[in-house]
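The lines below spell out each chain.
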Amino acid sequence: MKVLALDTATLEASVAICDDLKPLAQVHRKVTTHSDHLLALVDDTLRAASLDIGAIDAVVCGAGPGSFTGVRIGLATAKGLCFALGKPLVMASSLGALGSLGGRGRHPDALTLVVVDARRDEVFAGLFQGAKPVGEEVVCAPEDLLQAIDLTAYQGAELLLIGCGALRYE
């Protein structure tokens, strides 16, 4: 099954194509507005995977949390593609997608705390172990994050901190 995946929840637009969970191509770009670049990124990704849009079996779209306008543009684009192709649309947590990447490679057992800048001096955050969420996703002030995400059950565990909010509110 060939899946086109896109996420526009942050200022980095990401598009990927997988065949039975095996990545075929991925393109990402920092953008100021997703509406100017998203379809071109889809086209670039299809070209990199040597596929025609008709070969896609389903579309996965990041549902946020994140930029309201970015998520809305991503969803509208995904829905339009699905309508035109007659293919299913699956929504996925944008934090969950980042969280599932965190433990791959050198840190397969690590917890991953994904922190995305929500603007207005707040962050969206979620704790993940592999692809599995550990608790609820939250929105809070950066200084309240450790109270909002309970890490007491994981004392001594390796913790990866990723996301644009982690960089901004270091």
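Computed from a prediction, not measured in an experiment: that's the story for all the values here.

Draft legend 1. Local environment of the overall build of the protein chain. Scanning the protein chain from N- to C-terminus turns up five helices and 10 strands. Principal axes of the C-alpha set define a box for the protein chain whose edges measure 50 × 35 × 25 Å. Out of the 170 residues belonging to the protein chain, those deemed buried represent 39%. The long-range fraction of contacts in the protein chain, counting pairs at least 24 apart against all pairs at least 6 apart in sequence, stands at 53%. On the protein chain, roughly 9,600 Å² of surface is accessible, and the fraction owed to carbon and sulfur atoms is 56%.

Draft legend 2. Highlighting the sheet that holds strand E2 (residues 12-19). The five strands lie next to each other as E3-E2-E1-E4-E5, forming an open sheet whose pairing is mixed. Edge positions in the sheet fall to strand E3 (22-30) and strand E5 (89-92), since each of these pairs with one other strand and no more. Averaged over all pairs of adjacent strands, the angle between their axes in this sheet comes to 15°, without regard to strand direction. Relative to E5, strand E4 (residues 58-62) runs parallel, the two sharing four bridges. Looking at the pairing, Val59 lines up with Leu89 of E5.

Draft legend 3. Expanded view of the pairing of E4. Where burial is concerned, most of E4 is hidden: four out of the five residues are buried. The pairing of strand E1 (residues 2-7) with E4 spans four bridges and is parallel. Across the sheet, the residue bridging to Val3 is Ala58, located in E4. Each parallel crossover has a hand, and the one from E4 via helix H2 (residues 68-85) to E5 is right-handed.

Draft legend 4. Representation of the side chain of Thr77. For Thr77, the location among the structural elements is in helix H2. Sequence-distant contacts of Thr77, that is, excluding residues within four places in its chain, are made with Leu38 and Leu39.

Draft legend 5. Focus on the pairing of E2. Note: E1 against E2, six bridges, orientation antiparallel. Across the sheet, residue Leu4 finds its bridge partner in E2, namely Ile17. The loop that links E1 with its antiparallel partner E2 comprises four residues. Taken together, the eight bridges between E2 and E3 define a ladder with antiparallel strand orientation. From the neighbouring strand, Asp19 faces E3, where its bridge partner is Lys22. Connecting E2 to the antiparallel partner E3 that follows it, the hairpin turn spans two residues, and Asp20 within it adopts a positive phi of roughly 50°.

Draft legend 6. Expanded view of unusual backbone geometry. Note the cis peptide between Gly64 and Pro65, where omega equals 10°. Not every positive phi belongs to a glycine, and Asp20 is a case in point at roughly 50°. Among the structural elements, Asp20 can be located in the loop between E2 and E3. Backbone geometry at Leu21 places phi at a positive 70°, although glycine is not the residue there. By relative accessible area, Leu21 is classed as exposed at 81%.

Draft legend 7. Inspection of the nonpolar core at higher detail. Leu4, Leu6, Val15, Ile17 and Val59 are the most contacted members of the largest nonpolar core, which totals 21 residues. Of all the secondary structure elements, the ones that give two or more residues to this core are E1, E2, E3, helix H1 (38-48), E4 and H2. Among residues more than four places away in sequence, those in contact with Val15 are Leu4, Ala5, Leu6, Ala25, Gln26, Val27, Leu38, Leu41, Val42 and Thr45. Among the nonpolar cores identified, the runner-up in size contains 13 residues, and Val123, Val134, Cys140 and Ala166 belong to it.

Reading the values: the criteria
- Residues numbered from 1 in each chain as written.
- Predicted model: local features only at pLDDT ≥ 70, side-chain atom pairs only at ≥ 80, totals over all residues.
- Heavy atoms only, no water.
- Helix = DSSP H or I, 4+ residues; strand = E, 2+ residues; numbered from the N terminus.
- Buried < 20%, exposed > 50% of the residue type's maximum accessible area, 1.4 Å probe, protein only.
- Contact = heavy atoms within 4.5 Å.
- Areas by Shrake-Rupley, 256 points an atom, 1.4 Å probe, with all protein chains shown as cover.
- Pairing = 2+ DSSP bridges.
- Axes fitted to C-alpha atoms, helices over the stretch in contact; angles between N-to-C directions.
- Right-handed = clockwise from strand over helix to strand, strands pointing away.
- Core = buried A, V, L, I, M, F, W, Y, C linked by side-chain atoms within 4.5 Å.

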